[in-house]
Amino acid sequence: MGTKVLITGVAGFIGSNLSKMLLNKGFDIIGIDNLSSGTLENIPSGVDFHQLDIRAKDIYPLFKEVDTVFHLAAKNCLLDCFNNPLETSDINVTGTVNVLEAAKQAKVRKFIYADTSAEYEGILDFPSKVDTVCPIGTYAISKSAGLSFCKNYQKFWDMNITILRYFNVYGPVQDWRRVIPPVMSSFIIKLLKGENPIIYGTGEKRRDFIYVDDVNEFHILSMQNPATDGNIYNVGSGVNHSVNEVFEIIEGILKTGLKPIYKDDLPGEAEVTLADISESIKLGWKPEIEIEEGIKRSIEYIREKVLQ
């Protein structure tokens, strides 16, 4: 049997891809998800899956003899979080504390917390460095509060915690069912269906896009390398592209002839995301999947699995 790993949010975009990669490497996976946004078909066979809410005490027995916890479960649609701050806080803060407490009681060796580049919303110096944050929106504030509890458990309960700040992750199984879907999957689905994609604002917002497999390689490095203990890392590509550029790349591959429809901007979105990944690279990791290749893989997945 392999090392036992527990993933919260296992039915979601990153969690399902991570579980697949870990299974292929011989790890035993316990998965928790309440299926509020993730789906059963996302979960690979071989995962010991439990449909539970991270706020429930029922999760505690599942942490027994677990080596590493990846806490990925969260309410993360910006518009939903903006409209539902109480629920956002309950899931992203109270839920995180409950998962931390379960891991503490089980004496889990390593705890990895999924943070967000939204922590940098109020910072206008780029690339973003991990030691300077200014969360503004509901989602960012809730994740920052979860991070504060991670630091609390690290300090007072001697827990081994690594914080990973994701930038704009994309790839297969991306959560296209959101009220406002992520641009990659939204553009691809619309164009493949012969519909005009929607761009909110001018399309000149710039995003640091990182392919999900590169993110999960960093997850595994964080789990296995003790140099990551107690530290915060940006997980991005270190380059960014405008939303208009992303549309042009996708349309250049699909050649539909369709044009985007521009609508009013959404509240609470950063104008620019760009990661300083110098500390991440020092660990021996670097992004491998260029954006064109990542988009081609995403198109293939959507053709085969979403629009079949």
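What counts, and where the lines are drawn
- Positions within a chain are numbered from 1, following the residues in the order the chain's sequence is written.
- Selection of residues for local features in this predicted model requires a pLDDT of at least 70, selection of side-chain atom pairs for listing and counting requires 80 or more, and totals for whole chains, interfaces and linings are taken over all residues.
- Side-chain figures throughout are based on the complete set of non-hydrogen atoms in the structure, without hydrogens or water.
- The numbering of helices and of strands both runs from the N terminus, where a helix is a DSSP run of H or I of at least 4 residues and a strand a run of E of at least 2.
- Throughout, radius of gyration means the C-alpha value; the globule benchmark is 2.2 Å times the number of residues raised to the power 0.38.
- When accessible area is computed with a 1.4 Å probe and restricted to protein chains, residues below 20% of their type maximum are described as buried, those above 50% as exposed, and intermediate ones as partly exposed.
- Whether two residues touch is decided by their heavy atoms; if any such pair falls within 4.5 Å, the residues are in contact.
- For accessible areas, the Shrake-Rupley method is used with a probe of radius 1.4 Å. Any residue's cover is judged against the shown protein chains and nothing else.
- One less than the number of residues in a helix, times 1.5 Å, gives the span that helix is expected to have.
- Axes here mean lines fitted to C-alpha atoms, for a helix over just the part in contact, with angles spanning 0 to 180 degrees between N-to-C directions.
- When the near helix sits turned anticlockwise from the far one by under a right angle, the crossing is termed left-handed; a clockwise turn instead gives a right-handed crossing.
- Amino acid classes used here: Ala, Val, Leu, Ile, Met, Phe, Trp, Tyr, Cys and Pro are nonpolar; Asp, Glu, Lys and Arg are charged; the rest, including Gly, are polar.
- Pairing between strands is defined by DSSP: at least two bridges between them are needed.
- Note on definitions: salt bridges are taken to be side-chain nitrogens of Lys or Arg within 4 Å of carboxyl oxygens of Asp or Glu.

**Some words on the overall build of the chain**
And then number 1: Of the regular secondary structure elements, the chain holds nine helices and 13 strands.
And then number 2: Scaling as 2.2 N^0.38, a compact globule of 308 residues should have a C-alpha radius of gyration of about 19 Å, and the chain matches this with 19 Å.
And then number 3: Counting across all 308 residues of the chain, residues that qualify as buried make up 53%.
And then number 4: Long-range pairs, those at least 24 residues apart, make up 78% of the contacts in the chain with a sequence separation of at least 6.
And then number 5: Accessible surface, the chain as shown: approximately 13900 Å² in total, 51% of it carbon and sulfur.

**Topic: helix α1 (residues 13-24)**
And then number 1: A rise of 1.5 Å per residue sets the reference length of α1, with its twelve residues, at 16 Å; its end C-alpha atoms lie 17 Å apart and thus fit the reference within 8%.
And then number 2: Burial analysis of α1 places nine of its twelve residues in the buried class, which makes it a mostly covered element.
And then number 3: Residues Phe-13, Ile-14, Gly-15, Ser-16, Asn-17, Leu-18, Ser-19, Met-21 and Leu-22 constitute the buried set of α1.
And then number 4: Buried residues belonging to α1 abut β1 (4-8), β2 (28-33), β4 (68-71), β6 (161-166), β7 (168-170) and α6 (212-224).
And then number 5: Looking one or two residues past α1, Gly-26 carries a phi angle of roughly 95°, positive in sign.

**As for the packing of helix α5 (residues 183-192) against helix α7 (residues 243-254)**
And then number 1: α7 packs onto α5 with a crossing angle of 40° between their chain directions and a minimal axis gap of 10 Å. Where α5 crosses over α7, the two elements pack in a sense that is right-handed. Here Val-183, Met-184, Phe-187, Ile-188, Leu-191 and Leu-192 of α5 lie close against α7, whose contacting residues are Val-243, Val-246, Phe-247, Ile-250, Glu-251 and Leu-254.
And then number 2: Looking at the contact of α5 with α7, its residues break down into eleven nonpolar, no polar and one charged.

**Focus: the sheet that holds β2**
And then number 1: The sheet built from seven strands is open, its strands ordered β3-β2-β1-β4-β5-β6-β11 with parallel pairing. Two strands in the sheet have a free side with no partner beyond their single neighbour: β3 (48-51) and β11 (232-235). With strand direction ignored, the average angle separating the axes of adjacent strands in the sheet is 20°.
And then number 2: Across the sheet, α1 touches β1, β2, β4 and β6, and the angle it forms with β1 is around 170°.

**Side note on the pattern of salt bridges**
Close approach of charged atoms lets side chains of opposite charge pair.
And then number 1: In this structure the tally under the stated criterion is 14 salt bridges.
And then number 2: Taking the shortest distance from any N to any O, the salt bridge between Asp-213 and Arg-297 comes out at 3.8 Å. On the criterion of sequence distance, the pair formed by Asp-213 in helix α6 and Arg-297 in helix α9 (residues 291-306) is long-range, its members being 84 residues apart.
And then number 3: Looking at Asp-213, the relative accessible area reads 27%, which means it is partly exposed.
And then number 4: The partly exposed category is assigned to Arg-297, whose relative accessible area is 29%.

That's the geometry; what it means functionally is another story.
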